[in-house]
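Geometric and topological summary
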Amino acid sequence: MGRHWADFQYEIYLNGMTGAVPRLPTDLTRLEELTEQRLGPGPVGYVAGSAGNGSTTRANRAALERRRIVPRMLRDVHERDLSVEVLGRALPAPLALAPVGVLSIMHPDAESAAARAAAAQGVPFVLSSASSTPMEQVAEAMGDAERWFQLYWPRDPEVARSFLNRAKASGFSVLVVTLDTPLLAWRPRDLDQAYLPFLHGVGTANYFSDPAFQAGLAKPVHEDPNAAVMHFVGMFADPAKSWPDLAFLRENWDGPIVLKGVLHPDDARQAAEAGMDGVVVSNHGGRQVAGSVAAADALPRVAQAVGDRLTVLFDSGIRTGDDIFKALALGARTVLVGRPYVYGLGLDGRPGVEHVIRCLLAELDLTLALSGHATPGTIGPADLVEDPA
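Residues numbered from 1 in each chain as written. Predicted model: local features only at pLDDT ≥ 70, side-chain atom pairs only at ≥ 80, totals over all residues. Heavy atoms only, no water.

An unreviewed UniProt entry lists the chain under the name Lactate 2-monooxygenase, with Streptomyces coeruleorubidus as the source organism. In its Cofactor (unreviewed entry) section, UniProt records this for the chain: "FMN". (UniProt positions renumbered as here; feature names shortened; annotations may be inferred.)

As structure tokens, this is what we get:
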């Protein structure tokens, strides 16, 4: 029997008997506006901003909004279990925290706070290569909780190998390789503020603490931080990578490998043929290609192409429990949520992240029940209709 996520609402109502109300809104779509009011334009723009004029981020939301749930009645939903098996791991619910870099710009407790929140709720935390906290420290904060490592595949194979070895030694179980960022996109909100935290050595903790990275420097990082930053910029990503390069990852990582940023069924098929374990259907939350296909519109085609061979995960646009329901109905096994938990972190540290996780899963639990489902496994395309355009 799974955890009763929906009980969070009764906890809130009971706390109200003493006059206490939640510190953050329970409608998570309000968090962005609150964050805009309370944090500086640089950090907020970096998290909330998108490629170009934001058209892809809007399309992500529209693609989820356009699909409507068709509730079914008189099905026994008294006992519910949200747990799922993903990549050989038993998860309490179909949710993980997506990799988001440089969390120290949002809150001083940064990745460690978000990781502790995920661990406390039992959901996987995916650590970004571009974190502001070294992976070993994040692992320590999580104890033995489920954690995955996201790789921005660097140009230097020795640094890549070192990252994979360190992640393995730190108990990260799944490798999530981001493919959609071989270059940084044109992001006007960052450009207008001339705001790129990496140039100030923020979000470079995994690199600056890495022996293979340090081996490429003439002087230690603290003696010449600018040279270290330039060395990082020169290797951060590699637009020359192609499908045959995946063999390197297989040779250096013995757990599941998931490719993030897949939107075309043929790319998903190539991932399967290359011996990968899963794909994340994602357009990086609209941060990489302006005018891109919405992630939720790409999801059914990818799930159809490889759902029987690969684990299909999804991110980009998830804001609510019903969004998670829709992504599962469209073929995802589990979803990753990004910006909402980062806003929770910025507004209230670790408790803010836990609030976001619990709201999402309480709402998902209730949405399932009220739509006639006791487990995520019974949701499918027949549970949605599409609004006529």
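Secondary structure summary: the chain contains 16 helices and twelve strands in total. Projecting the C-alpha coordinates of the chain onto the three principal axes gives extents of approximately 70 × 50 × 40 Å. In the chain, which comprises 389 residues, the proportion classed as buried is 58%. Accessible area for the chain stands at about 16,100 Å²; split by element, carbon and sulfur atoms hold 53% of it. (Helix = DSSP H or I, 4+ residues; strand = E, 2+ residues; numbered from the N terminus. Buried < 20%, exposed > 50% of the residue type's maximum accessible area, 1.4 Å probe, protein only. Areas by Shrake-Rupley, 256 points an atom, 1.4 Å probe, with all protein chains shown as cover.)

Moving on, we come to the pattern of salt bridges. Taken as a whole and judged by the stated rule, the model has 21 salt bridges. Across the salt bridge formed by arginine 23 and aspartate 348, the nearest N and O atoms sit 2.5 Å from each other. A residue pair is termed long-range when its members are at least 10 positions apart, and arginine 23 in the loop between helix H1 (7-15) and helix H2 (31-38) and aspartate 348 in helix H16 (residues 339-370) qualify at 325 residues. The buried category is assigned to aspartate 348, whose relative accessible area is 14%. Each member of the salt-bridge network shares a partner with another, and the members are Arg61, Glu65, Arg68 and Asp323. (Salt bridge = Lys/Arg side-chain N within 4 Å of Asp/Glu carboxyl O.)

Moving on, we get to the packing of aromatic side chains. The final tally for this structure, using the stated rule, is twelve aromatic pairs. Relative to phenylalanine 198, the ring of tyrosine 46 has its centre 6.5 Å away and its plane inclined at 75°; by these criteria the two rings are edge-to-face. Remark: phenylalanine 198 occurs in the loop between helix H8 (188-193) and helix H9 (205-208) and tyrosine 46 occurs in helix H3 (residues 41-48); sequence separation between them is 152 residues. What makes phenylalanine 198 buried here is its relative accessible area of 7%. (Phe/Tyr/Trp six-rings, centres within 6.5 Å; stacked < 30°, edge-to-face > 60°.)

Now for the pairing of strand E9 (residues 278-281). Side chains Gly278 and Val280 of E9 all project onto a buried face; the interleaved residues Val279 and Val281 project onto the opposite face, where all are buried too. Crossover handedness for the path strand E8 (residues 257-262) to helix H13 (residues 265-273) to E9: right-handed. Sheet analysis places E9 next to strand E10 (residues 311-314), joined by four bridges and oriented parallel. Of the residues in E10, the one forming a bridge with valine 281 is phenylalanine 314. A crossover links E9 with its parallel partner E10, the connecting element being helix H14 (residues 295-306), and its sense is right-handed. (Right-handed = clockwise from strand over helix to strand, strands pointing away. Pairing = 2+ DSSP bridges.)

As for its position among the elements, glutamate 273 is in helix H13. With 99 residues separating them in the primary sequence, glutamate 273 and valine 174 have C-alpha atoms 19 Å apart.

Residues Phe125, Leu249, Phe314 and Tyr341 are the most contacted members of the largest nonpolar core, which totals 114 residues. Tallying contributions element by element places H16 first for this core, with 14 residues. With sequence-adjacent residues up to four places away left out, tyrosine 341 is seen in contact with Leu97, Ala98, Val100, Leu103, Ala114, Phe125, Val353 and Val356. (Core = buried A, V, L, I, M, F, W, Y, C linked by side-chain atoms within 4.5 Å. Contact = heavy atoms within 4.5 Å.)

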